[in-house]
Amino acid sequence: MSQDIILDTQLQQTKNLAWWLYLIHGASFVFSLGAFSFIPLIINYVKRGEAAGTFVYSHHSWMIRSFWWYLAWIVVGAILWITLIGIPLAFLVWGVAWLWKAYRLLRGFIDLNNNSPVPM
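About the criteria used
Each chain has its residues counted from 1, following the order in which its sequence is written. In view of the model being predicted, local features appear only for residues whose pLDDT reaches at least 70, and side-chain atom pairs are presented and counted only at 80 or more, with totals across whole chains, interfaces and linings using the full set of residues. Here the side-chain values reflect all heavy atoms present in the structure, with hydrogen atoms and water set aside. Helix axes use the C-alpha atoms of the stretch in contact, all axes being lines fitted to C-alpha atoms, and the angles between their N-to-C directions lie in the range 0 to 180 degrees. Under the DSSP-based scheme used, a helix requires at least four consecutive residues in state H or I and a strand at least two consecutive residues in state E, with every element numbered from the N terminus. Reported orientations rely on four angle classes, namely roughly parallel under 35 degrees, roughly antiparallel over 145, roughly perpendicular from 65 to 115, and oblique for the rest. Each residue gets one label: Ala, Val, Leu, Ile, Met, Phe, Trp, Tyr, Cys and Pro are nonpolar, Asp, Glu, Lys and Arg are charged, and the others, such as Gly, are polar. Salt bridge, as used here: a side-chain nitrogen of Lys or Arg that lies within 4 Å of a carboxyl oxygen of Asp or Glu. Buried residues are those whose accessible area, probed at 1.4 Å on protein chains only, stays under 20% of the maximum for their type, while exposed residues exceed 50% and partly exposed ones sit between those limits. Classification of ring pairs rests on two measures: the distance between centres of Phe, Tyr or Trp rings, Trp counted by its six-membered ring, which must be within 6.5 Å, and the angle between planes, read as stacked under 30 degrees, edge-to-face over 60 and tilted in between. Comment: the charge-over-ring label is applied if NZ (Lys) or CZ (Arg) is within 6 Å of the ring centre and within 35 degrees of the ring normal. Any two residues whose heavy atoms approach within 4.5 Å at even a single point are treated as in contact. UniProt positions are given in the numbering used here, feature names are shortened, and annotations may be inferred rather than shown by experiment.

1. Focus: the packing of helix H3 (residues 55-82) against helix H4 (residues 87-113)
Viewed as axis vectors pointing N to C, H3 and H4 meet at an angle of 170°, and their least axial separation amounts to 8 Å. For the element pair H3 / H4, the angle class is roughly antiparallel. A breakdown of the residues in the contact of H3 with H4 according to their chemical character gives 22 nonpolar, 4 polar and 5 charged.

What follows is the structure in structure tokens.
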């Protein structure tokens, strides 16, 4: 009985951390277009192991993948920007990347609050 309470407490703490990381990723995304998302990213990497075997593990992986794919598309947009001819396309790539990242953060946050893993 007491071991179940300890496990529930640990799961709740792990879930709360993921909740805060979604908020920090989201704040960084809104206020700096993701420039400061490396801070919660490091915490995701460090704390993901503690969530192994729970639905929260998928959320850490989701945030990590979201960060790296978003960064990749921002770099693609920057390369297009440099070419000058690709400036309109760069804006399109950045806009789609922004919408995609917003979707990923919202979807993950909602799934976390519903105590369900995000799809892999």
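2. Thoughts on the pattern of salt bridges
Using the criterion set out here, one finds 2 salt bridges in the structure. One salt bridge in this structure joins Glu50 and Lys47, with 3.3 Å as the shortest N-O distance. Residue Glu50 is classed as exposed on the basis of its relative accessible area, which comes to 54%.

3. Quick word on the packing of aromatic side chains
Under the definition given, this model contains 9 aromatic pairs. Taken together, Trp19, Trp20, Tyr22 and Phe109 form an aromatic cluster joined through their ring pairs. In this structure, Arg104 is placed above the aromatic ring of Trp62, and the distance from its NZ or CZ to the ring centre is 3.6 Å.

4. Observations concerning the side chain of Asp111
Within the element layout of this structure, Asp111 appears in helix H4. Of the residues examined, Asp111 reaches a relative accessible area of 10% and is grouped as buried. Setting aside its immediate chain neighbours within four residues, Asp111 contacts His59, Ser116, Pro117, Val118 and Pro119.

5. A few points about the UniProt feature "transmembrane region" (unreviewed entry) in the chain
The UniProt record marks residues 20-46 and 67-100 with the feature "transmembrane region" (unreviewed entry), using the residue numbering of this structure. The span residues 20-46 shows a helical share of 81% and a strand share of 0%, and its end C-alpha atoms are spaced 15 Å apart. Its end C-alpha atoms 11 Å apart, residues 67-100 is made of 88% helix and 0% strand.

6. Points about the side chain of His59
Tracing the sequence through the fold places His59 in helix H3. In this structure, His59 is in contact with Tyr22, Gly108, Asp111, Leu112, Ser116, Pro117 and Val118, ignoring residues within four places of it in sequence.

7. A short note on the environment of Leu112
Along the chain, Leu112 turns up in helix H4. A residue is classified by how much of its surface remains accessible, and Leu112, at 0% relative accessible area, is buried. In the structure, Leu112 is positioned 43 residues away from Trp69 in sequence and 21 Å away in space, judged by C-alpha atoms.

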